[in-house]
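# Descriptive structure summary
Okay, here's what each chain looks like letter by letter:
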Amino acid sequence: MHPAVHSAIAALIAENKTPTVALTKSKLSEPVPMPLVIAGLTAYKNDPNCINTQPAAAPKTKAAEQSQLDRIEQKLDRLLALLEKDN
């Protein structure tokens, strides 16, 4: 299972939520192809204990967190530009 998918599913379980494709995608710390998300969810549904038996993903580095923040800021800038353009 992809480490980011594993972490996302584990986070959802910790929140007492049932992992779904949409919820899992929303919790991902990095872009992951849809087939890997579906494969991870399938593995979890076949054996819910697989989340507890696999090692946790490595903690995010400052560079990865900054990169994710930069991507979010770019998306926000595009959205604001689109909103301003419509007004």
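All chains use their own residue numbering, which begins from 1 and follows the written sequence. Residue-level local features of this predicted model are given only where pLDDT is at least 70; pairs of side-chain atoms are given and counted only at 80 or more, and the full residue set underlies all totals for whole chains, interfaces and linings. To get the side-chain values, all heavy atoms of the structure are used, and hydrogens and water are removed first.

## So, the overall build of the protein
Rule in force here: Runs of E in the DSSP output that reach at least two residues are strands. Runs of H or I that reach at least four are helices, and both are numbered from the N terminus. Exposure classes here rest on a 1.4 Å probe applied to the protein chains alone. A residue is buried below 20% of its type maximum, exposed above 50%, and partly exposed in between. Residues are treated as being in contact if the distance between any of their heavy atoms lies within 4.5 Å. Working definition of accessibility: Shrake-Rupley area with a 1.4 Å probe, residue cover restricted to the visible protein chains.
Each helix and strand in the protein was counted, giving 5 helices and 0 strands. Classification of the 87 residues of the protein by burial places 18% in the buried group. Sequence separation of at least 24 residues holds for 56% of the intrachain contacts in the protein that already meet a minimum separation of 6. With an accessible surface of roughly 6300 Å², the protein has 59% of that area assigned to carbon and sulfur atoms.

## Structural notes on the confidence of the model for the protein
The test is simple: pLDDT measures how confident the predictor is about each residue, on a scale from 0 to 100.
Looking at the protein, pLDDT values average 85 and 90% of them are 70 or higher. Per-element averaging of pLDDT across the protein places helix α4 (residues 50–53) at the bottom with 70 and helix α2 (residues 21–27) at the top with 93.

## Quick word on unusual backbone geometry
At Asn16, a position not held by glycine, the phi torsion is positive, near 60°. Secondary-structure assignment places Asn16 in the loop between α1 (3–14) and α2.

## Digging into the pattern of salt bridges
To be explicit about the condition: By convention in these notes, a salt bridge is any Lys or Arg side-chain nitrogen within 4 Å of a carboxyl oxygen on Asp or Glu.
Across all of its chains, the model carries 2 salt bridges by this definition. With a shortest N-O distance of 3.4 Å, Glu15 and Lys17 are connected by a salt bridge. Where Lys27 meets Glu15, a salt bridge forms, and the shortest distance between an N and an O atom there is 2.7 Å. With Lys27 in helix α2 and Glu15 in the loop between α1 and α2, this residue pair connects regions lying 12 residues apart in the sequence. Residue classification places Glu15 among the partly exposed positions, given a relative accessible area of 35%.

## Let's talk about α1
Applied cut-off: One fewer than the residue count of a helix, multiplied by 1.5 Å, yields its expected span.
With 12 residues, α1 extends 16 Å between its outermost C-alpha atoms, agreeing within 8% with the 16 Å of an ideal straight helix rising 1.5 Å per residue. Within the sequence span of α1, burial applies to Ala4, Val5, His6, Ala8, Ile9 and Leu12.

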